[in-house]
Amino acid sequence: MQFSSKLLEDAVNEMAQLPGIGKRTALRLVLHLLRQPEQQTIGLAQSLSKVRAEINFCQSCYNISDKKVCEICSNPNRIGELICVVEDIRDVMAIENTSTFKGLYHVLGGKISPIDGIGPQDLKIQSLVNKVKSGEVKELIFAMSPTMEGDTTNFYIFRQIQDYDVAVSTIARGVAAGNELEYTDEITLGRSIQDRIPFETSLKS
Ligand SMILES: [Zn+2]
């Protein structure tokens with residue numbers, strides 16, 4: 001791709017580093033931003049650098065938060081001994097949208113995937129195991145996406161905690177295999193949490 005401007009080329013190259021954005025799309029987006037009122041593009045740039053510089057992760061559940069402890073973890077009306085284990089914050093958002101879950105979350109930050117070089121130590125697993133060991137958790141609900149990596153992650157965590165006094169369940173698979181949680185409609189997702197099944201039962205099926 002030949003550029004008439006080095007500034008344009010740099011902007012396109014930066015944009016093309018985003019997932020799913022090729023150079024052509026990057027060029028289209030940059031040209032679009034150039035056609036927008038200047039203040040709008042500046043606003044976008046400022047909010048991106050602000051979110052990057054100031055964003056926090058909740059020190060308890062690792063959800064993205066503006067405070068040290070997120071709104072969910074610090075809400076006294078939530079059930080602290082019920083923890084829903086999810087891959088990333090998009091899953092928290094999807095489950096919160098269902099308005100059916102009153103417990104807390106634990107955001108792992110991904111799933112175990114040897115092909116991608118992601119092992120248990122790359123995820124927030126140890127802190128979850130520590131929560132269970134401390135006795136503050138009565139039930140863990142696995143709400144990982146129904147993929148091989150999701151299953152591997154569930155099983156890995158289960159093995160770490162199975163000797164402790166904690167119930168472990170997994171959301172009902174109304175979700176077709178391979179689907180991501182965030183694309184599941186709210187009613188199905190809400191029901192799959194309410195209809196959760198003991199994790200060990202899910203292993204036998
Ligand atoms: Zn939190």
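This structure is a prediction, so every number in the text was calculated from the model and none was measured.

Chemist: Any chance you could explain the environment of Tyr164 here in plain terms?
Modeler: Along the chain, the position of Tyr164 falls in the loop between helix H6 (148–161) and strand S6 (167–170). Residue classification places Tyr164 among the partly exposed residues on the basis of 14 C-beta atoms within 10 Å. With 105 residues separating them along the chain, Tyr164 and Gln59 place their C-alpha atoms 23 Å apart. Apart from residues no more than four positions distant in its own chain, Tyr164 is found in contact with Val132 and Lys133.

Chemist: Would you explain the sheet that holds strand S3 (residues 79–86) in this entry?
Modeler: To summarise the sheet geometry, strands pair through backbone hydrogen bonds and adopt either a parallel or an antiparallel arrangement. With respect to topology, 5 strands assemble into an open sheet ordered S4-S3-S5-S6-S7, the strand pairing being mixed. The open sheet has two edge strands with one neighbour each: strand S4 (103–107) and strand S7 (197–198). Direction of pairing for S3 relative to S4: parallel, over a ladder of 5 bridges. For Cys84, the partnering residue across the bridge sits in S4 and is Tyr105.

Chemist: Please explain unusual backbone geometry as it appears in this structure.
Modeler: One can expect most non-glycine residues to show negative phi and most peptide bonds to be in trans. You will see that Tyr62, though not glycine, has its phi angle at about 70°, which is positive. Along the chain, the position of Tyr62 falls in the loop between strand S1 (56–57) and strand S2 (64–65). Phi is positive for Ser99, which is not a glycine, with a value near 55°. Tracing the chain through its elements places Ser99 in the loop between helix H4 (89–98) and S4. Judged by C-beta crowding, with 9 C-beta atoms within 10 Å, Ser99 ranks as exposed.

Chemist: What is the right way to read the pairing of S4 from this model?
Modeler: The side chains of a regular strand alternate between both faces of the sheet. By the criterion of burial, S4 is predominantly enclosed, with 4 of the 5 residues buried. You can see the chain leave S3, run along H4 and come back into S4, and the turn it takes is right-handed.

Chemist: Is there a simple way to think about the nonpolar core in this case?
Modeler: General note: in soluble globular proteins, nonpolar side chains tend to be found buried as a group. Cys84, Val85, Val86, Tyr105, Val107, Leu140 and Ala143 are the most contacted members of the largest nonpolar core, which has 32 residues in total. Of all elements in the fold, only S3, H4, S4, helix H5 (126–133) and strand S5 (139–142) reach the threshold of two or more residues within this core.

Chemist: Sorry, what's going on with the UniProt feature "zinc finger region: C4-type" (unreviewed entry) in the protein here?
Modeler: With numbering aligned to this structure, UniProt lists the feature "zinc finger region: C4-type" (unreviewed entry) at residues 58–73. Between the C-alpha atoms that bound residues 58–73 there is a distance of 8 Å. The span itself is 0% helix and 12% strand.

Rules and cut-offs
- Every chain is numbered on its own, with residues counted from 1 as its sequence reads.
- Per-residue local features are limited, in this predicted model, to residues with pLDDT of at least 70; the limit for side-chain atom pairs, both in listing and counting, is 80 or more; totals at the level of whole chains, interfaces and linings are taken over all residues.
- Going along the chain from the N terminus, every DSSP run of H or I of four or more residues is numbered as a helix, and every run of E of two or more is numbered as a strand.
- Counting other C-beta atoms within 10 Å of each residue's C-beta, where C-beta atoms are placed from the backbone, gives the exposure class: buried for 20 or more, exposed for 12 or fewer, partly exposed between.
- Think of it this way: build a C-beta for each residue from its backbone, and any pair within 7 Å is a contact.
- At least two bridges found by DSSP between two strands are what make those strands a pair.
- Handedness of a crossover is defined as follows: with both strands directed away from the viewer, a clockwise route from the first strand across the helix to the second makes it right-handed.
- Linking buried Ala, Val, Leu, Ile, Met, Phe, Trp, Tyr and Cys residues through C-beta atoms within 7 Å yields a set, and such a set is a nonpolar core.
- UniProt positions are given in the numbering used here, feature names are shortened, and annotations may be inferred rather than shown by experiment.

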